[in-house]
Amino acid sequence: HTLGLITSNLSLHAPSQIAAAVKSQASKLHFNVVMSMIEQPDLDACKSAVNSLLSQRVDGLIVNIPLEDEQARAIRDMCGNVAVLFVDVSPELETHSITFDATAGTQLAVDHLIAKGHQQIALINGPQSSVSARLRLEGWQRALAKHRLNAVAQLQGDWSSLSGYLQTLALISLNRPFTALLVANDQMALGALRALNESGLSVPGQVSVIGYDDTEDSACFIPPLTTIKQDFKALGSACVDQLTALIHNGDLPANATILPVSLVERKTTA
Ligand code: IPT
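Residues numbered from 1 in each chain as written. Predicted model: local features only at pLDDT ≥ 70, side-chain atom pairs only at ≥ 80, totals over all residues. Heavy atoms only, no water.

## A few points about the site of the ligand
- Taken together, 14 residues sit near the ligand, with S132, R136, N185, D213 and Q230 positioned nearest.
- In the environment of the ligand, an oxygen atom lies 2.9 Å from a nitrogen or oxygen atom belonging to the side chain of R136.
- The contact in question runs from an oxygen atom of the ligand to an N or O atom on the side chain of D213, over 2.5 Å.
- Relative to its free-state accessible area of 390 Å², the ligand is covered by the protein chains to the extent of 96%.
- Contributing elements (two or more residues each) for the shell around the ligand: helix 1 (13–28) and helix 5 (131–146).
- It is helix 1 that contributes the most residues to the shell around the ligand, three residues altogether.
- Residues belonging to the shell around the ligand are distributed by class as follows: six nonpolar, five polar and three charged.
- Counting the residues that make up the shell around the ligand, at least three belong to each of domain 1 (2–100 + 231–261) and domain 2 (102–229). (Near = heavy atom within 4 Å. Polar contact = N/O pair within 3.5 Å; in protein donor to acceptor, adjacent residues only side chain to side chain. Areas by Shrake-Rupley, 256 points an atom, 1.4 Å probe, with all protein chains shown as cover. Helix = DSSP H or I, 4+ residues; strand = E, 2+ residues; numbered from the N terminus. Nonpolar A, V, L, I, M, F, W, Y, C, P; charged D, E, K, R; others polar. Domains from an automatic or database assignment.)

## Re the domain arrangement of the protein
- If you check the domain split of the protein, you get domain 1 (2–100 + 231–261) and domain 2 (102–229).
- Of note, the centres of domain 1 and domain 2, computed from C-alpha atoms alone, are 28 Å apart.
- Every contact between the two is made by 17 residues of domain 1 and, on the other side, 18 residues of domain 2.
- Here domain 1 meets domain 2 over a buried area of about 1400 Å², counting both sides, of which 55% is carbon and sulfur.
- Between domain 1 and domain 2 we count one salt bridge in total.
- One salt bridge connects E68 with R134, and the closest N-O pair in it is separated by 2.8 Å.
- Our enumeration of links across domain 1 and domain 2 arrives at four residue pairs in polar contact (both at pLDDT 80 or more).
- Taken together, the elements giving at least two residues each to the side of domain 1 that touches domain 2 come down to helix 1 and helix 8 (232–249).
- When residues in the side of domain 1 that touches domain 2 are grouped by element, the largest group, three residues, is from helix 1.
- Residue classes in the side of domain 1 that touches domain 2 are distributed as nine nonpolar, four polar and four charged. (Contact = heavy atoms within 4.5 Å. Buried area = accessible area lost by both parts, 1.4 Å probe. Salt bridge = Lys/Arg side-chain N within 4 Å of Asp/Glu carboxyl O.)

If you want it as structure tokens, here you go:
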């Protein structure tokens, strides 16, 4: 048996850890994994990846590409009888998906900062072409509104550490005072830590920073990063388990599973 994995850029930490987790769970169940990587998320690229994996006769497909509802429906229709499972779509879409709880994750981060007395909070969000980046931004804004707060500034990176660095420099140059920074992933938070350090702002003395993902390196940042953990190993196993169930049982009713997230408190918040 063979599973197909269509993944976004593996030079990003989260997709590479998800791919590793899929591969290792699939090996346990004696499934092969064939993979197709798309560097820039785009529907046509996703469609040709689907065609190429279908022509390799995969028994089921995991799609880790950010897709809008209509795009995901188009991909599912292309797959016909081949089972397909999405991991970066809206949890509201009627299809087989496994995603992380963005409402809980963003709420945990905001509540943690508020409990430490922060009122001036800035945001560095991910690319708005990504469903999950939009859910994180909306989640932060809703959680802030519950405390009658608005973000002091809102910038946008592209998930890379370099974009986190550049956007944090841009934020500092706005001259709007902030005591805490919510960053939509750990790689951008890494860049943010460098920008704060070079600008003479101490973490967590002058600015607290919270990331998102808890990828493997985050415990070794300077200082070790407080972040929202998305358990990518659990995601990878759940994907393989659900997909193999679909392969063995034929068509089952659409099931959107939402995995829990947790706050990992390290040394960047005070
Ligand atoms: C999402 C990560 O949180 C983010 O850091 C980035 O790597 C992105 O993937 C790349 O697509 S996790 C995804 C399952 C929503």
